[in-house]
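Take a look at the letters that make up each chain.
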Amino acid sequence: MSKKKKKHSGAKQSAPREKAWKLPLICYIVALGLYLLGCTYSFVQDTSRIYSGAIVRQAYKLEDLALESIEQLADENGMQRFVSTDDDPKILYYSLQGTYITRVGFNATSNKPGGEMVLYYTTSSAQGLKFTDRQKVWAQQYADGSWYFDLGGKKVYGLRLDPDTTGGVVWTVKELMFNAPKPFGAYYAPNAQPMFLLLLLPGLAAAGIQEGRRIWRLAKAAR
Amino acid sequence: MNTAIALLAWLALCVFLQGSAKVKASLTPLLALCITMLYFSLAGVLQVLWPAGLLFYLLAFGLCGFTLVKQGVKTLHNMLTPGFLVFAVGCVLLLAHFAIKTPMFSEWDEFSTWGTAAKLLKLNNSLYTTAEMGWVWTTTQSPALPLLAYFAQFFGSGFAAWKVYWAYDALTLAVCAALLAPYTLKDWKKALPVGLLALLTPYFFSVFYRQVHLNKAYLTAYADIASGLLLGGALVLYYTLARQGQPKVARLWQAALPLAALALVKENFYPVVLVAMALLVLDAVLFAKPKGKALLKKAGIAAAAVAAALLPYIMWQAHAGWANRQNAVTGGQQTSMDALTAALTALRQLLGMQPQSQRFSEVLQLMGPTFVNKRVSMVGGGLATCLFIAALFACAFALQQNKTLRLRIALAFGVLAAGFVAYQFVLLASYSFIFSTSLETGLFEYDRYVSGYYTALFLLGVFFLAQAARQKQPEAEKAAPKHRWAVPCLAIAAGLLVCYHAVFTGKINLEAASPKWTLLYWAGWLALAVLPVALALLAKGRARLAAQSGVLAVGIAVALLFVTLVPPGLSALDYSTRAYHQQQMLEQNAQAAAEYLQPGERIFFVCQNGTGLQWFQYSYYFLPYILDYSITGGVSILPPGTPGANPEKAKTLEGLQQYLQQNNCTTIFVVALDDVFIETYGALFTDGLQSFTGQPVLYLGNGQGAYAPVQ
């Protein structure tokens, strides 16, 4: 909407001092550029870490992980199954040594909806098993229905996946993978909140710069 | 689809108001929404909701057509203002966003009052006060907001919670538009920070720490945020109607409309409406241009307009009283003191004319510390927030060069500050004599009750400061420019940044903070308090620029706070669909069970060891089927003689059978069981409750007093 405004002001104001739309336009282009640069940076960073071996893609079986309030069931069609036994089931893994984690893939289906699905992480070995609300990400869903958690390349020491918050949910796990592949497009996929800020902040910055310039001119004139 | 038609009707009404009633384009959305609320309240009380609604839609489009034919396309061109565009574009974007995400209700009061009231309205096409329901106290509910939601899904048959949210957010956008009323598209630079501030205000007064769960601003059916915004909107609208700083009495009806609507939005905000009305009359009488006889006439008009704004409230009280009496016949009861008695009792006890009751003295002791320490906004507790808002007003006062406007700002602040004290007294009376919640964990939801008043004060403060930033550039500014005034402006930013950092790092828990941080925290606020004085001394001749920088600084600070405290994915913009899974599951359970129900059937509800929340939730999801109050409303049903059993509510097996028969409960919905229930009442069920394995089960009566499970 601010772009709309800008066009109008640009069309009407016949440049008393300078073109009124120039600065905001620059601000928007710069902001968009910075945003894309940031996306590219994280893509390049992840790719280079994959090649240098800092990021290791690895699938896990339930046996490899510590389970709490979870009962493993017999496999079905070669897929592992488990049922949550109370409303706070946890799948834990805490022998990471500051490993980079980008995305945790949880390709699983449940027999019924189970409430919130969250991944907690710790970022120092001293933290031990102290998971906090400040270090958690919510599950997101691919089009095919499988889940993933985006950590954005953090050095992680422990992970805790809470698959549901109701209990009595039967899960069929196709795959649980650390550093699951992140498609190229995902680095650039727009999310609503950054977009909202991208729409407003450059305008705000332009207003600030213009105001600052006026102050500067006044100060110079005073001298 | 029906929501898109509702939006079009609002836009059409806006065009009419601008073209034919000569209202400023950016003020039209707020007026259109207030007219909707008032019109539908009247129609609801007269019990002609559906035909009157149809007429409203016809009128809106008809009047818009009339205006366009008479005045031509020029009207549409006049509509192109930042405020109106924010409203129109914002509504369209939100509509698309919510239609995809379909958020649902999730809070207690949304099920017990606000959301259920809206659903009852939609399903019955009549006011919820007269609707049949498993419980009786919905009559105390103010009607304006649920009716706004009703308007947003007037056509069609289904009910969707997200349309309720959309309607309330449209109100937020309308208030934002009103705040942007003085700007044209050319002034976008000045309008932008103000618009940003208005859009983030719901977050500013509902986020206190870094969020760890989905923040419900823009996703709430509670009236608290809406009432605060509407009060702010009404005041801003009034102060926008001015010529050369003086109020336009003839246009006072425009400001009276939102106040009239506000009286129907939230019951305990009514005293605040009276304060606002007093302010309007005082301001109009003191500062209107004509003197002598003409002044008397204008004062008369002002008083009449304001008094007329009270009529809808009186009408609603009469209706609620009538509905209450109807309900009393069928077993409803008065549960607490009425507001006036409570206020008088509180006043007597406060002045020592009557010995203080224990609860009153406890509440009185809690009020002070709660005001100081309890977080009510992103910047901290009540005292800090008050200082912050006072600083806004003081800056506006110091930087405003127009003497009349200066006095008006001072008057507004004085009256509203007195009103704030009065509102604290209302809260004192409410907590002492009306609410029955425990005081052990402090005053229950205090932040929610006061947030509305802070919101309104904040919006008005921002408006006044922005007004100072719009004044004509005084000659002095060119003649003797000095850059010293930049120092206090930096101080405002620095003060805010200190607070921001302290909030961010979570170090301003005042009870247990290290001395260093406490010192820094108060230094930040001191900077804000000293600032207006410094500004007044230094900013001679550069007031406009200083004010504009102030608006920008506040805008950037609030945006920074928002970005820091609300992580992406926990706001209305970007939340995970997983956040509403619990609700989706409850809805699915209710829908699956409803397949087996015949129209008009009543459901008995069993949820042993429940809190009552599930009963409210299923009451809402099962509508139009009625969930019976079920003896306890979703708390354990116990046989007589069990420890903890309420003697009036305890039932033997025969007693329960009798209850089911008397209340015509043909089905039983079992959500949670315990051994006592299975032992005592198991005989009622053909399977001895064996079918229940944790998932809700519906039992259908066989007509002979036994109930069989549905497979």
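Residues numbered from 1 in each chain as written. Chains lettered and ligands numbered in written order. Predicted model: local features only at pLDDT ≥ 70, side-chain atom pairs only at ≥ 80, totals over all residues. Heavy atoms only, no water.

Some details on the interface of chain A and chain B
- Counting residues at the interface gives 44 residues for chain A, matched by 46 residues for chain B.
- Each partner contributes to the roughly 4,400 Å² buried at the junction of chain A and chain B, and carbon and sulfur atoms together form 70% of this total.
- Taken together, chain A and chain B are joined by zero salt bridges.
- Here chain A is connected to chain B by one residue pair in polar contact (both at pLDDT 80 or more).
- Breaking the side of chain A that touches chain B down by element, the ones donating at least two residues are α1 (2-12), β8 (136-138) and α4 (192-222) of chain A.
- Per-element accounting of the side of chain A that touches chain B gives the leading share, 19 residues, to α4(A).
- Split by residue class, the side of chain A that touches chain B holds 22 nonpolar, 12 polar and 10 charged. (Contact = heavy atoms within 4.5 Å. Buried area = accessible area lost by both parts, 1.4 Å probe. Salt bridge = Lys/Arg side-chain N within 4 Å of Asp/Glu carboxyl O. Polar contact = N/O pair within 3.5 Å; in protein donor to acceptor, adjacent residues only side chain to side chain. Helix = DSSP H or I, 4+ residues; strand = E, 2+ residues; numbered from the N terminus. Nonpolar A, V, L, I, M, F, W, Y, C, P; charged D, E, K, R; others polar.)

As for the packing of helix α12 (residues 270-287) of chain B against helix α18 (residues 403-434) of chain B
Residues and elements named next belong to chain B.
- Where α12 contacts α18, the two axes come as close as 10 Å, and the packing angle between them is 160°. Of the possible angle classes, the one that applies to α12 and α18 is roughly antiparallel. Taken as a pair, α12 and α18 cross one another with a handedness that is right-handed. Every residue of α18 that contacts α12 at P271, V272, V275, L279, L282, D283, L286 and F287 is listed here: T404, L407, R408, L411, A412, V415, L416, G419, Y423 and V426. (Axes fitted to C-alpha atoms, helices over the stretch in contact; angles between N-to-C directions. Parallel < 35°, antiparallel > 145°, perpendicular 65-115°, else oblique. Left-handed = near helix turned anticlockwise from the far one by under 90°.)

So, a nonpolar patch on the surface
- Where nonpolar side chains cluster on the molecular surface, the patch consists of B:L347, B:L350, B:L351, B:M353 and B:L364 and spans about 460 Å² of accessible area.
- Take B:M353: its relative accessible area is 61%, and that puts it in the exposed class. (Patch = residues over 30% accessible without salt bridge, like charges linked within 9 Å, V, L, I, M, F, W, Y side chains within 5 Å. Areas by Shrake-Rupley, 256 points an atom, 1.4 Å probe, with all protein chains shown as cover. Buried < 20%, exposed > 50% of the residue type's maximum accessible area, 1.4 Å probe, protein only.)

Thoughts on the packing of aromatic side chains
Residue and element names in this part refer to chain B.
- Inspection of every chain in the model, using the stated rule, returns 67 aromatic pairs over all chains.
- Summarising the aromatic geometry, the rings of Y618 and F669 are spaced 5.1 Å apart at their centres and angled 70° between planes, so their arrangement reads as edge-to-face. With Y618 in helix α25 (residues 613-622) and F669 in strand β7 (residues 665-672), the pair connects residues that are 51 residues apart, well separated along the chain. There is no split in this pair, since Y618 and F669 are both buried.
- Three or more aromatic residues link up through ring pairs in this structure, and these residues are W10, Y39, F40, W50, F56, Y57, Y150, F151, F154, F155 and W166.
- R448 extends its terminal NZ or CZ atom over the ring of Y449, reaching a point 5.1 Å from the ring centre. (Phe/Tyr/Trp six-rings, centres within 6.5 Å; stacked < 30°, edge-to-face > 60°. Lys NZ or Arg CZ within 6 Å of the ring centre and 35° of its normal.)

Re the sheet that holds strand β7 (residues 118-122) of chain A
Residues and elements named next belong to chain A.
- Sheet architecture is open: five strands sit in the order β2-β5-β11-β7-β8, paired in antiparallel fashion. The strands lining the two open edges of the sheet, one partner per strand, are β2 (66-68) and β8. Direction aside, neighbouring strands of the sheet carry axes that sit 20° apart on average.
- Inspection of the sheet shows strand β5 (residues 90-93) paired to strand β11 (residues 158-162) by three bridges, in the antiparallel sense. Bridge assignment links I91 to a residue of β11, and that residue is L161. (Pairing = 2+ DSSP bridges.)

Points about the side chain of B:Q583
All names here are of chain B.
- Mapped onto the secondary structure, Q583 falls in helix α24 (residues 581-594).
- Residue classification places Q583 among the buried positions, given a relative accessible area of 6%.
- Sequence-distant contacts of Q583, defined by excluding residues within four places in its chain, comprise M104, F105, S106, F111, Q617 and Y621.

Things to note about the pairing of strand β6 (residues 99-110) of chain A
Residue and element names in this part refer to chain A.
- The pairing of β6 with strand β10 (residues 147-156) spans seven bridges and is classified as antiparallel. Residue pairing across strands places R103 opposite D150, the latter belonging to β10.
- Bridge count between β6 and strand β12 (residues 170-178): seven bridges; the pairing is antiparallel. Its bridge partner being in β12, S110 is matched across the sheet by W171.

Regarding the pattern of salt bridges
All names here are of chain A.
- Throughout the structure, instances matching the rule amount to 14 salt bridges over all chains.
- With a shortest N-O distance of 3.4 Å, K90 and E68 are connected by a salt bridge. Linking K90 in strand β5 with E68 in strand β2, this pair joins segments that are 22 residues apart in sequence.
- Its salt-bridge partner being K90, residue D88 comes within 3.4 Å of it at the nearest N-O pair.
- Each of E68, D88, K90, R160 and D162 takes part in one network of salt bridges that share partners.

Here's the deal with the sheet that holds strand β5 (residues 602-607) of chain B
Residue and element names in this part refer to chain B.
- Reading across the sheet, the five strands line up as β6-β5-β7-β8-β9 and stay open at both edges, with mixed pairing between neighbours. Of all the strands in the sheet, the pair left with one neighbour each is β6 (626-627) and β9 (707-709).
- With three bridges connecting them, strand β8 (residues 697-701) and β9 associate as antiparallel partners. For L700, the partnering residue across the bridge sits in β9 and is A708.

Examining helix α2 (residues 28-45) of chain B
- In this model, α2(B) (18 residues) spans 26 Å end to end at C-alpha, consistent with the 26 Å of a helix rising 1.5 Å per residue.
- α2(B) sits mainly inside the fold: 15 of its 18 residues count as buried. (Expected span 1.5 Å × (residues − 1).)

A few points about the environment of B:A299
- Tracing the backbone shows B:A299 in helix α13 (residues 293-308).
- C-alpha separation for the pair B:A299 and B:A223, spaced 76 residues apart in sequence, amounts to 32 Å.

Comments concerning the pairing of β7(B)
Residue and element names in this part refer to chain B.
- For β7, the buried fraction is high: seven of the eight residues fall into the buried class.
- Alignment of β5 against β7, held across six bridges, turns out to be parallel. Looking at β7, one finds that I603 is bridged to T667.

Remarks on the side chain of B:R448
- Considering the arrangement of structural elements, one finds B:R448 in helix α19 (residues 446-468).
- Polar side-chain contacts of B:R448 include one of 2.6 Å to the side chain of B:D224.

Here we look at the confidence of the model for chain A
- Scored by pLDDT, chain A comes out at a mean of 81, with 90% of its residues at no less than 70.
- Predicted confidence in chain A is weakest over α1(A), with a mean pLDDT of 41, and strongest over β11(A), with 91. (pLDDT = per-residue confidence, 0-100.)

Side note on the packing of helix α6 (residues 108-124) of chain B against helix α7 (residues 144-152) of chain B
Residue and element names in this part refer to chain B.
- Relative to each other, α6 and α7 sit at 45°, their axes nearing to 9 Å. Compared by their axis directions, α6 and α7 come out oblique. Every pair of crossing elements has a handedness; the one defined by α6 and α7 is right-handed. Here W114, A117, A118, L121 and K122 of α6 come into contact with α7, specifically with P146, L147, A149 and Y150.
- Partitioning the contact of α6 with α7 into residue classes produces eight nonpolar, no polar and one charged.

Description of the nonpolar core
- Counting 232 residues, the largest nonpolar core has B:M37, B:F87, B:W166 and B:Y203 as the members making the most contacts within it.
- Apart from the residues within four sequence positions on either side, B:Y203 is in contact with B:N215, B:A217, B:Y218, B:M378, B:F562, B:V566, B:S571 and B:A572.
- By size, the runner-up hydrophobic cluster in this structure holds 28 residues, among which are A:L65, A:I70, A:I101 and A:F149. (Core = buried A, V, L, I, M, F, W, Y, C linked by side-chain atoms within 4.5 Å.)

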